[in-house]
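Spelled out from the first residue to the last, the chains are:
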Amino acid sequence: MEWKQVFDLLWSDPQPADGCIPNSLRGAGTYFGPDVTDKFLAKHHLSYIVRSHECKPGGYELTHAGKVVTIFSASNYYELGSNTGAYVTVSGPQLAPRFVQFSTAMPNTKRLTFRQRVGLVESSALRELRTQLVMHKEALVEDLRRLDTDNSGYVTLSQWSQALEARTNLNLPWRMLSHKLVTVHPSTGKVEWQTTFQDQLPGSGGGGSGGGKRSSSETGTVAETLYRNKSSLEAIFRIIDKDNSGYISLEEFSEA
């Protein structure tokens, strides 16, 4: 019960809709709606909740009509230039919050151009997106193989986009992202659908067309399983790593 309470405290996030449901993204905690927030504040005679543990591009965010304040003080969390950090001060009898944003970028990163900063954020986002695709790999392979009626290894860009959206429900512009996620034939415009699951992005090097493919099906299966449980594993590792050093013992790693 104590472990469950720790997970609920650290990994629960606000959601726009009322109610309370499992936090499927993190693999721990819950999503709680504005009705849950109102009941909690009324029960404990509180004005609002200040929470953390969720990265925000601007370092902070107000939700549930300003009754839930998210503060994230680590700038450059995903990549250099990816987000600012923030802290909050409260003043007056109403404890009105005032937010201060900041960045702890090293001197050489402050000279990055706007295009370079966007590139850093984009690379991080694409890695996360690729993780989502690997989580749905088994179903996507089945869908795309069925669409590949002549067994050529290619499907149309429209078929590829619709298949990814149907399985992930991410509501993303797949056509625009295709050249960053998959190999597109230069003359036909068709998608080489098996490259959807390669580790490397198209054009990133690696010694030929097979540079990003895994060496064996067993390796792929292990990697997919780890990706699928990424959020849960991160939560467990962070709790075990009590001194926040980034290291745990081999025995602790195996148990996790």
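Quantities reported herein were computed from a predicted structural model and do not represent experimental measurements. (Residues numbered from 1 in each chain as written. Predicted model: local features only at pLDDT ≥ 70, side-chain atom pairs only at ≥ 80, totals over all residues. Heavy atoms only, no water.)

Participant: Any details on the packing of helix H5 (residues 157-168) against helix H6 (residues 174-181)? Residues and values, ideally.
Facilitator: If you want to describe how two helices pack, look at the angle between their axes and the distance between the axes. Where H5 contacts H6, the axes come no closer than 10 Å and their chain directions differ by 100°. Regarding the angle of H5 to H6, the classification is roughly perpendicular. From H5, Leu157, Ser158, Trp160, Ser161, Leu164, Glu165 and Thr168 reach across to H6, where they touch Trp174, Arg175, Ser178 and Leu181. Its residues assigned to classes, the contact of H5 with H6 comprises five nonpolar, four polar and two charged. (Axes fitted to C-alpha atoms, helices over the stretch in contact; angles between N-to-C directions. Helix = DSSP H or I, 4+ residues; strand = E, 2+ residues; numbered from the N terminus. Parallel < 35°, antiparallel > 145°, perpendicular 65-115°, else oblique. Contact = heavy atoms within 4.5 Å. Nonpolar A, V, L, I, M, F, W, Y, C, P; charged D, E, K, R; others polar.)

Participant: For the side chain of Ser161, give the residues involved together with the corresponding values.
Facilitator: Assignment of secondary structure puts Ser161 in helix H5. The class of Ser161 is buried, set by a relative accessible area of 9%. Not counting chain neighbours up to four residues away, the residues in contact with Ser161 comprise Trp174 and Arg175. (Buried < 20%, exposed > 50% of the residue type's maximum accessible area, 1.4 Å probe, protein only.)

Participant: Just give me the short version of the UniProt feature "domain: EF-hand" (unreviewed entry) in the protein, but keep the residues and values in it.
Facilitator: In the UniProt entry, the feature "domain: EF-hand" (unreviewed entry) is given for residues 135-170 and 228-256. Strand forms 6% of residues 135-170 and helix 67%; the C-alpha atoms that close the span are 13 Å apart. (UniProt positions renumbered as here; feature names shortened; annotations may be inferred.)

Participant: A description of the packing of aromatic side chains should follow, citing residues and the corresponding values.
Facilitator: In the structure shown here, the tally under the stated rule is five aromatic pairs. Where Tyr87 meets Phe102, the ring centres are 6.3 Å apart and the plane angle is 40°; that geometry is what we call tilted. Residue Tyr87 is found in strand S7 (residues 85-91), and its partner Phe102 is found in strand S8 (residues 96-102); the two are separated by 15 residues along the sequence. Classification of Tyr87 by relative accessible area gives partly exposed; the value is 43%. Ring geometry for Phe237 and Phe253: centres 5.7 Å apart, planes at 10°, overall stacked. Here Phe253 lies in helix H9 (residues 250-255) and Phe237 lies in helix H8 (residues 230-240), a separation of 16 residues in the sequence. (Phe/Tyr/Trp six-rings, centres within 6.5 Å; stacked < 30°, edge-to-face > 60°.)

Participant: Residues and numbers for the sheet that holds strand S1 (residues 13-14), please.
Facilitator: Judged by pairing direction, the sheet is mixed, and its three strands sit side by side in the order S1-S3-S2 without closing on themselves. Only two strands of the sheet have a single partner each, and these edge strands are S1 and strand S2 (20-22). Here S2 pairs with strand S3 (residues 30-32) via three bridges, running antiparallel. Looking at S3, one finds that Ile21 is bridged to Tyr31. (Pairing = 2+ DSSP bridges.)

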